[in-house]
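Here are the chains, one letter per residue:
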Amino acid sequence: MRIGVLAETDPAETRVAATPETVKKFLGLGADVSVEHGAGAKAGFPDAEYQSAGAQLVSAEEALSADLVLKVRRPSGGEIPRLRSDAIVIATMDPYEHREAIETMAKAGVAAFAMELLPRITRAQSMDVLSSQANLAGYRAAEYGRALPMMMTPAGTVTAAKLFVMGVGVAGLQAIATGRRLGAVVTATDVRPATKEQVESLGAKFVAVEDEEFKQAETAGGYAKEMSDAYKAKQADLIASHIAKQDIVVTTALIPGRPAPRLVTADMVKSMRAGSVIVDLAVERGGNCELSRPGELVFSDNGVRIVGYSNVTRIPSSASALYARNLYAFAETLIDKENKSLAVNWDDELVKATCLTRGGAIVHPNFMPQ
Ligand code: NAD
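Since the structure is predicted, the reported quantities are computational estimates derived from the model, not experimental observations. All residue numbers here refer to positions counted from 1 along the written sequence of the relevant chain. Totals for whole chains, interfaces and linings use all residues, but because this is a predicted model, local features are given only for residues with pLDDT of at least 70 and pairs of side-chain atoms are given and counted only at 80 or more. Excluded from the side-chain calculations are hydrogens and water; all other atoms, namely the structure's heavy atoms, are used.

> So what exactly am I meant to see when it comes to the site of the ligand here?
In the neighbourhood of the ligand, 21 residues make up the surrounding shell, with Arg120, Val170, Asp190, Arg192 and Gln235 lying closest. Any N or O atom pair separated by 3.5 Å or less is treated as a polar contact, with the protein-specific requirement of one donor-capable and one acceptor-capable atom, and with residues adjacent in sequence counted only for side-chain atom pairs. Between Val170 and the ligand, the recorded distance is 2.7 Å, taken from a backbone N or O atom to an oxygen atom. Isolated, the ligand exposes 840 Å² of accessible area, and the fraction of that covered by the protein chains is 83%. Summary of the distance rule: residues count as near a molecule or strand when at least one heavy atom falls within 4 Å of that molecule or strand. Areas reported as accessible are Shrake-Rupley estimates using a 1.4 Å probe. Residue values count occlusion only from the protein chains shown.

Given below as structure tokens:
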């Protein structure tokens, strides 16, 4: 059983899917590990560390021909034809936005697993890439170019920054906690009623339209629902007046399988003071702010900075360490420790929830052709 670890082909991606720590663990399970030259370079894991952990340093070609291929992002169109037709590939696949890429993987015969589709159950917690990466994103997002707390100095008083967090999931909670720790005045909004108490327990103020629809906005799985147009209009009115007074806005609002809800319009950006910052963590799913662009820093006409680059890729070492552990925890369940070989239990609920393609077809119910 050979495991291949690729260097990411997306130039904006700085993370790596396995670290020297997880390489050692895979070797402990009886696998051989082939790491592409330079795979961990951007994340602060040089080739020499993989080598001393026991990995073979190889070409991309060789890493792609492994039995089990580990990646951060979905394999590119150039990589898919170079995979073995019976290979298992594990990555964050971003499947909702990229159905044609799933079809290509299906045609190549590979078994492709999407880490972000793992159910949020206790057994899968150690594999939860959404949480591990969102936690770091929320932490990094609150760092901005000025002091956050109120300071009284002989030279005068600096007022505390006002931080508004939109979307209180894993990333939002971390952004609130970090903002509070740094001394900002923090408010937050969400459409799920359960978040109100969480926001208040972190010492922040909750701001939302709390009508009947709000009381029903949480799915059984703990996620948000798409809200009605009427609710969105009421929400927009409330946010419009609040946002004009904020120094930093961190948006993290997502709905599984849907584009990110548009919460901050160009007019709202116009109402903000010059020097304010919007960090749009939902940018890769279309963005919560009308003006944000993936991978870019946008300056609005009135001097508001809108940050659209991925925050986890700016702390690639910590992000990779956690991502690699999530991947190991999942991959380990696909390996028979006695025979030291791949042995996937296709009836396992985690396998069923994440497997997109297998045996030449799309097998995941959410992505099967109608
Ligand atoms: P997410 O990334 O899907 O969304 C982020 C937040 O955006 C959510 O809180 C959502 O309610 C909010 N949102 C959506 N539409 C909005 C709108 N129009 N306006 C304002 N906010 C909006 O969420 P997440 O971080 O994955 O967390 C979702 C839930 O899952 C949370 O309750 C979290 O605690 C829970 N969770 C459970 C586990 C587990 O049990 N293993 C792990 C992680 C998270």
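That covers the picture; the talk isn't over yet.
> Teacher, can you tell me more about the pattern of salt bridges here?
Side-chain pairing between opposite charges can occur once the charged atoms of the two side chains come close. Each reported salt bridge corresponds to a side-chain nitrogen of Lys or Arg within 4 Å of a carboxyl oxygen of Asp or Glu. Considering all chains together, one arrives at 20 salt bridges under this definition. Its salt-bridge partner being Lys71, residue Glu79 comes within 2.8 Å of it at the nearest N-O pair. No difference in accessibility class separates Glu79 from Lys71, as the two residues are buried. The shortest N-O distance in the salt bridge between Asp128 and Arg120 comes to 3.2 Å. For every residue, the accessible area obtained with a 1.4 Å probe (protein chains only) is divided by the maximum for its type, and the residue is called buried under 20%, exposed over 50%, and partly exposed between those limits. For Asp128, a relative accessible area of 12% translates into the label buried. Judged by its relative accessible area of 40%, Arg120 is partly exposed. Residues joined in a network through salt bridges with shared partners are Asp10, Glu13, Arg15, Arg73 and Glu284.

> Would you mind showing me how to read the nonpolar core here?
What tends to happen in soluble globular proteins is that the nonpolar side chains get buried as a cluster. Residues Ile90, Phe113, Met115 and Phe330 are the most contacted members of the largest nonpolar core, which totals 42 residues. The secondary structure listing takes helices from DSSP runs of H or I that are at least 4 residues long and strands from runs of E that are at least 2 residues long, numbered from the N terminus. The biggest single contributor to this core is helix H11 (residues 316-331), with six residues. When checking whether two residues touch, look at their non-hydrogen atoms; a contact exists if any pair is within 4.5 Å. Discounting residues that sit within four places of it in the chain, Met115 has contacts with Ile90, Ala91, Thr92, Met127, Val129, Tyr323, Asn326, Leu327 and Phe330. Definition of nonpolar core: a set of buried residues of the types Ala, Val, Leu, Ile, Met, Phe, Trp, Tyr and Cys, connected through side-chain atoms within 4.5 Å. If you look at the next biggest cluster of nonpolar residues, it comprises 27 residues, including Val191, Ala208, Val250 and Val279.

> Explain the packing of aromatic side chains to me, please; I cannot follow it from the model alone.
Describing an aromatic ring pair means giving the distance of the ring centres and the angle of the ring planes. We call Phe, Tyr and Trp rings a pair once their centres come within 6.5 Å, taking the six-membered ring for Trp, and we label the pair stacked below 30 degrees between planes, edge-to-face above 60, and tilted otherwise. Tallied over the entire structure, the rule returns five aromatic pairs. With 4.8 Å between their ring centres and 70° between their planes, Phe26 and Tyr328 make a pair best called edge-to-face. Note that Phe26 is positioned in helix H1 (residues 20-28) and Tyr328 in helix H11, a separation of 302 residues in sequence. Take Phe26 and Tyr328: they sit in the same class, and that class is buried. Judged by centre distance (4.9 Å) and plane angle (55°), the rings of Tyr96 and Phe367 are tilted. Note that Tyr96 is positioned in the loop between strand S5 (88-92) and helix H4 (99-107) and Phe367 in the segment after strand S19 (361-362), a separation of 271 residues in sequence. According to the relative accessible area criterion, Tyr96 is partly exposed, its value standing at 29%. Each member of the aromatic cluster is reached from another via a ring pair, and the members are Phe113, Phe330 and Trp346. A ring is considered to have a charge above it if a Lys NZ or an Arg CZ atom is located within 6 Å of its centre and within 35 degrees of its normal. Between Arg358 and the ring centre of Trp346, over which it is positioned, the NZ or CZ distance is 3.7 Å.

> I'm lost on unusual backbone geometry in this one. Help?
Leaving glycine out, the prevailing phi sign among residues is negative, and the prevailing peptide bond configuration is trans. Positive phi, normally seen in glycine, also occurs at Asp94, with a value near 45°. Secondary-structure assignment places Asp94 in the loop between S5 and H4. The phi dihedral of Lys340 is positive, around 50°, even though this residue is not glycine. Inspection of the secondary structure assignment puts Lys340 in the loop between strand S16 (335-336) and strand S17 (341-342). Under the relative-accessibility criterion, Lys340 is labelled partly exposed at 44%.

> Would you take a moment to explain the sheet that holds strand S18 (residues 355-358) for this structure?
The strands that make up a sheet are held in pairs by hydrogen bonds between backbone atoms, and each pair lies either parallel or antiparallel. Being paired, for any two strands, means DSSP has found at least two bridges between them. Spatial ordering of the open sheet is given by S3-S2-S1-S4-S5-S6-S18-S19, a layout of eight strands whose pairing is mixed. Strand pairing shows two members of the sheet lacking a second neighbour, strand S3 (56-58) and S19, which therefore form its edges. In this sheet, strand S6 (residues 111-114) lies alongside S5 in parallel orientation, the contact comprising four bridges. When the sheet's bridge partners are listed, Ala91 is paired in S6 with Ala114.

> When you look at H1 in this model, what are you seeing that I'm missing?
For an α-helix, 3.6 residues make a turn, and residues three or four places apart therefore share a direction. Of the positions making up H1, those classed as buried are Pro20, Thr22, Val23 and Phe26. Burial along H1 is one-sided: seen end-on, the buried residues are contained in an arc of 160°. In H1, the exposed residues that point more than 90 degrees away from the buried face are Lys24 and Gly28. Considering only its buried residues, H1 is in contact with strand S1 (2-5), strand S2 (32-36), helix H2 (47-53), strand S4 (68-73) and H11. Note that the arc is computed from the directions linking the helix axis to the C-beta atoms.

> What is the right way to look at the environment of Ser341 in this model?
Along the chain, Ser341 falls in strand S17. It is 18 Å that separates the C-alpha atoms of Ser341 and Gly54, two residues lying 287 residues apart in sequence. If we skip the residues at most four places from it in the chain, Ser341 touches Met1, Leu334, Ile335 and Asp336.

> Explain the sheet that holds strand S11 (residues 205-206) to me, please; I cannot follow it from the model alone.
One open sheet holds the seven strands; their spatial order is S11-S10-S9-S12-S13-S15-S14, and the pairing between them is mixed. Both outer strands of the open sheet, S11 and strand S14 (297-299), are each paired with one neighbouring strand and no more. Note: S14 against strand S15 (residues 305-307), three bridges, orientation antiparallel. Within the sheet, the bridge partner assigned to Val298 lies in S15 and is Ile306. Seen against the sheet, helix H6 (residues 170-181) touches strand S9 (162-166), strand S10 (185-189) and strand S12 (248-251) and runs at an angle of roughly 170° to S9. Every axis corresponds to a line fitted to the C-alpha atoms, with the helix fit spanning only the stretch in contact, and the corresponding angles, defined between N-to-C directions, vary from 0 to 180 degrees.

None of this, on its own, says anything about what the molecule does.
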